[in-house]
Amino acid sequence: MFSIFKKSAAPDAKASAPQDPGAPITTVTVTVNGRTVTAEVDPRMLLSQFLRDSLQLTGTHVGCDTSQCGACVVHLDGRAVKSCTTLTLACDGGSVTTIEGLSQDGTLHPMQEAFRNNHGLQCGFCTPGMIMSAVDIVNRKGNTLDEATVRAELEGNICRCTGYHNIVAAVREGAANMTGVKQAAE
Amino acid sequence: MTATGIGAPVKRREDQRFITGNGRYTDDINRPGQTYAVFVRSPHAHAKIKSIDTSQAKASPGCVAVLTGKELAADKVGGLICGWMILNKDGTPMKAGAHPALAVDTVRYVGDHVAVVIGETLVEAKDAAEKVVVNYEVLPAVTDLGSAQAPGQPQIHPEAPGNTVYNWHLGDKSAVDAAFASAAHVTKINLVNNRLVPNAIEPRAAIGEYDAGQDQLTLYTTSQNPHVARLVLSAFIGLAPEHKLRVIAPDVGGGFGSKIFIYAEETVCLWAARKVKRPVKWTCERTEAFLCDAHGRDHLTTAELAMDASGKILALRAKTKANLGAYLSTFASSVPTYLYAPLLSGQYNIPSIYCEVDGVYTTTAPVDAYRGAGRPEATFVVERLVEVAAREMGKDPAEFRRINFITSFPHATPVIMTYDTGDYAACLDKALELIDYKGLPARKAESARKGLKRGLGFSAYIEACGIAPSQAVGSLGAGVGLWESAEVRVNPTGSVEVLTGSHSHGQGHETTFAQLVSQRLGVPIETVSIVHGDTDKVQFGMGTYGSRSGAVGMSAIFNAIDKVIVKAKKVAGFVLEVPEDTVDFKDGIFSSTATNKTLTFPEVALQAYIAHKFTGAQLEPGLKEGAFYDPTNFTFPSGVHVCELEVDPATGTTRIDRWVAVDDFGNLINPMIVEGQVHGGIAQGVGQALLEGAVYDKSGQLLTASYMDYCMPRASDLPSYKIEMASTPCPSNPLGVKGCGEAGAIAAPAAVMNAITDALGHEEIDMPATPQAVWRAAQKAPRRMVAE
Ligand code: FES
Ligand code: FES
């Protein structure tokens with residue numbers, strides 16, 4: 001457990017924590033990738049900002065401002081959420097998994113492996129959100145996914161590079177390879 | 001072919017960091033003492049700035065500075081430039097207005113930069129920005145391209161009367177007019193090439209930093225070409241001399257052209273960093289990106305094709321208005337001229353061509369290169385014309401194309417280009433087979449039974465890539481040369497670092513380029529690293545766009561490797577104690593007919609550095625070589641895409657059923673990556689045809705400024721693609737490669753629209769063919785018999 005912000009934040013701590021000094025500060029305790037963090041946050045702070053700016057977990061990306069692109073998808077208590085539209089305070093007591101927490105003991109998660117194996121990424125910017133969404137799809141829909149299901153379920157994730165062809169193949173392969181593995185639910 | 005060499009579908013080496021969240025994009029970087037920039041942008045499309053009151057903003061908590069165009073001008077920071085001079089028909093230069101990074105007295109589009117607010121935190125900067133009071137005198141907007149040049153329209157720049165930047169032409173008008181006069185059949189169409197927003201998923205971002213001790217500026221930025229950015233920021237905008245400015249473009253999350261240009265925000269962050277003596281970071285929000293990233297396309301064209309009685313094409317004539325937006329972006333002027341009209345011959349033997357283009361100012365965001373840049377517009381004109389001509393003449397569209405194909409090479413078109421190789425009929429034949437063209441009538445009948453209209457559309461595209469021979473583009477008005485550089489540094493242990501002026505933002509250079517090195521030097525791919533995107537590491541380069549990094553960038557690496565091999569053979573000669581000219585190098589082994597001893601590449605590398613086997617008088621120590629490669633011709637990738645789709649006349653929805661692409665990219669280095677590039681290009685082309693369109697209202701407000709309003713292609717909008725290759729190696733570069741990055745985006749729009757109009761039985765529908773547009777069009781009776 002460690003505290004990230006104090007009310008009387010030193011100037012350098014403040015620089016990495018975008019918040020209005022006049023705003024109320026509230027304490028939140030969240031488990032992120034298995035590590036419990038207690039922090040004082042501006043009530044307006046989004047989960048994406050908390051992960052990126054406060055915890056330096058920059059694998060979670062922000063690609064839009066209308067909750068459309070899915071670059072920011074993480075898991076909260078085992079379910080996919082868009083961290084750009086989730087208040088950090090709403091995660092109090094919860095457990096968050098980001099792309100950085102998906103692989104265990106240096107071994108890639110089967111979905112990560114499938115994205116590489118199928119050339120399911122180009123610039124890589126949408127990829128963390130894609131992979132987190134894909135794992136969630138498998139958790140909800142099972143290991144055998146047809147093409148139409150994958151395409152429909154990827155509704156909340158935009159990729160501008162790949163044309164989705166290889167992403168669809170990756171999700172199907174990753175799903176098949178996730179059989180029997182309890183996947184990053186917490 | 002080795003497992004990691006040329007032609008192998010090697011899995012991408014860069015993926016490890018991206019799939020684990022360890023990529024390092026500009027917004028992932030934070031500098032000590034960093035401040036945050038927020039731009040105050042014009043809410044009006046056209047207005048005079050009467051006054052700017054920054055006092056409340058400056059007093060806002062956490063506000064570090066508020067800077068305006070007046071201060072920028074006082075610091076003598078130059079305006080943003082357009083790097084390609086276009087001459088009018090009469091030989092006079094184009095007429096361009098000034099483009100300051102922060103507006104001084106006039107704003108010309110919604111989102112135009114009025115002031116920058118620097119805050120201790122992003123929230124504080126935003127709060128302060130809301131307190132900047134700008135008093136505007138609103139002027140009338142001009143957003144309609146078709147009427148922007150009409151008398152009485154508001155004038156956007158005093159330098160450009162009638163809002164006309166240029167009236168340019170290419171080709172022999174009198175020959176074309178004569179051919180039309182003698183034609184047996186003339187096809188005439190009006191086309192809208194809809195305005196697009198590039199929408200790389202990573203928004204643009206910049207961090208400017210000033211090191212007072214070294215008097216050195218550093219810019220971290222989302223750039224496709226950091227060296228060109230440094231050159232422009234130094235030589236034209238004047239922020240620092242080149243040796244005092246470092247530009248770093250780390251991982252970049254897609255570009256598609258939009259990250260080529262030197263924008264106001266990067267310029268201002270760099271300037272402001274020196275002023276506030278702290279790093280200044282700006283990250284674009286999506287709506288800002290919609291407003292201010294350079295848009296693409298936006299043409300209105302009337303095009304005509306003249307045929308003889310047998311269906312042979314005699315001539316092509318086109319008149320295009322190109323919307324350039326409110327200011328000329330970095331390469332804006334070249335896109336609807338030299339990147340467009342020289343491709344109007346398509347794959348066809350067309351004896352004469354004439355094209356006239358007006359570049360037009362409107363009070364909208366600047367328009368510049370977007371994936372394909374001019375070539376998708378040209379292909380759309382040619383392939384829609386050819387399709388309609390075939391239909392009007394009662395000919396099968398595939399056979400109509402075939403009888404007009406260019407069949408012997410080299411082929412000089414009437415519009416500048418000399419095509420080097422290709423086999424257009426081979427691509428067409430393969431495409432017909434893969435799509436099961438013979439089965440189309442049965443499939444149409446089956447669709448009709450379900451109340452659906454099935455259509456098939458071809459697009460036989462050509463592009464000019466490998467941009468570009470420097471002297472040739474110089475003679476056409478380019479302000480720069482378009483060669484590429486490479487340096488191959490061999491370390492004493494035999495590992496290899498390649499420094500390239502190309503930049504990878506999704507294209508997989510770290511894999512493809514390493515395959516070339518691995519194969520040619522016979523070293524394991526793991527021992528090769530590709531360095532790019534930092535002007536302090538790579539001496540110079542022209543960056544990545546125009547499908548140039550294979551044909552030009554890799555050719556530079558190829559030549560540098562040649563020099564390394566020459567030097568290494570000399571070293572090996574001394575070590576083996578044999579004459580240098582007896583030394584052979586193959587698969588990483590140095591041998592000689594004069595001895596049965598051999599040396600590995602790492603052994604020779606070590607000898608080059610310890611330099612014990614030769615004297616300084618005999619040979620320089622070390623193993624490092626560089627090359628600048630200037631291409632001798634463009635490359636001409638080509639291919640045939642076929643789209644087959646079903647339209648539901650009751651709802652207007654379109655479902656793409658099959659997509660076949662047969663492409664000729666010359667030799668392939670990594671076929672897996674090449675196919676991925678085609679997939680992505682097709683998706684963007686289908687997006688243009690069916691979904692995407694930037695819409696401004698009459699007052700100049702952008703109505704499509706978010707993902708809620710601008711329809712991006714999603715997984716469920718797109719089909720799977722069937723892609724095959726029919727390669728003819730390119731003769732003008734050592735690797736025989738042609739380039740593949742833009743082909744899909746160039747080919748796809750025409751294929752989709754040819755299919756939709758085939759389904760509808762008439763031509764009266766424009767892109768984007770949204771369900772509403774298709775439904776309306778489906779209410780009209782077919783004007784011609786649907787080909788059965
Ligand atoms: S950043 Fe969360 S959906 Fe786009
Ligand atoms: S890989 Fe670039 S946005 Fe998906």
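What you see is a predicted model, and the numbers here were worked out from it, not measured in a lab. (Residues numbered from 1 in each chain as written. Chains lettered and ligands numbered in written order. Predicted model: local features only at pLDDT ≥ 70, side-chain atom pairs only at ≥ 80, totals over all residues. Heavy atoms only, no water.)

1. Quick word on the domain arrangement of chain A
Residues and elements named next belong to chain A.
Then step 1. What the domain assignment lists for chain A is domain 1 (13-101) and domain 2 (110-179).
Then step 2. Computed over C-alpha atoms, the centres of domain 1 and domain 2 are 23 Å apart.
Then step 3. Residue-level contacts link 18 residues of domain 1 with 14 residues of domain 2.
Then step 4. Both sides of the domain 1 and domain 2 interface together cover about 1,200 Å² of buried area, and 60% of this is carbon and sulfur.
Then step 5. Applying the counting criterion to the domain 1 and domain 2 interface returns 0 salt bridges.
Then step 6. Counting the contacts that link domain 1 with domain 2 gives 7 residue pairs in polar contact (both at pLDDT 80 or more).
Then step 7. Every element with two or more residues in the side of domain 1 that touches domain 2 is listed here: strand 3 (73-76) and strand 4 (79-82).
Then step 8. By residue class, the composition of the side of domain 1 that touches domain 2 is 7 nonpolar, 9 polar and 2 charged. (Domains from an automatic or database assignment. Contact = heavy atoms within 4.5 Å. Buried area = accessible area lost by both parts, 1.4 Å probe. Salt bridge = Lys/Arg side-chain N within 4 Å of Asp/Glu carboxyl O. Polar contact = N/O pair within 3.5 Å; in protein donor to acceptor, adjacent residues only side chain to side chain. Helix = DSSP H or I, 4+ residues; strand = E, 2+ residues; numbered from the N terminus. Nonpolar A, V, L, I, M, F, W, Y, C, P; charged D, E, K, R; others polar.)

2. Digging into the packing of helix 3 (residues 110-117) of chain A against helix 4 (residues 127-141) of chain A
All names here are of chain A.
Then step 1. Contact geometry for helix 3 and helix 4: axes closest at 10 Å, N-to-C directions at 125°. By the criterion of interaxial angle, the relationship of helix 3 to helix 4 is oblique. At the point where helix 3 passes helix 4, the crossing takes the right-handed sense. Residues Met111, Gln112 and Phe115 of helix 3 form the contact with helix 4, whose own contacting residues are Thr127, Met130, Ile131, Ala134, Val135 and Val138.
Then step 2. Residues belonging to the contact of helix 3 with helix 4 are distributed by class as follows: 7 nonpolar, 2 polar and no charged. (Axes fitted to C-alpha atoms, helices over the stretch in contact; angles between N-to-C directions. Parallel < 35°, antiparallel > 145°, perpendicular 65-115°, else oblique. Left-handed = near helix turned anticlockwise from the far one by under 90°.)

3. Observations regarding the sheet that holds strand 23 (residues 589-592) of chain B
Residue and element names in this part refer to chain B.
Then step 1. Within the open sheet, the 3 strands sit side by side as 22-23-24. Their pairing is antiparallel. Both outer strands of the open sheet, strand 22 (583-586) and strand 24 (595-600), are each paired with one neighbouring strand and no more. In this sheet, neighbouring strand axes are inclined to one another by 25° on average, regardless of whether the strands run parallel or antiparallel.
Then step 2. Pairing of strand 22 with strand 23 involves 4 bridges; the strand directions are antiparallel. (Pairing = 2+ DSSP bridges.)

4. What about the domain arrangement of chain B?
All names here are of chain B.
Then step 1. On domain assignment, one finds that chain B holds domain 1 (31-139 + 202-253 + 259-292), domain 2 (296-468 + 633-779) and domain 3 (483-629).
Then step 2. Computed from C-alpha coordinates alone, the two centres of domain 1 and domain 2 are separated by 36 Å.
Then step 3. Tallying the contact residues gives 28 residues for domain 1 and 29 residues for domain 2.
Then step 4. Each partner contributes to the roughly 2,500 Å² buried at the junction of domain 1 and domain 2, and carbon and sulfur atoms together form 66% of this total.
Then step 5. In this structure, the connection of domain 1 to domain 2 is made through 1 salt bridge.

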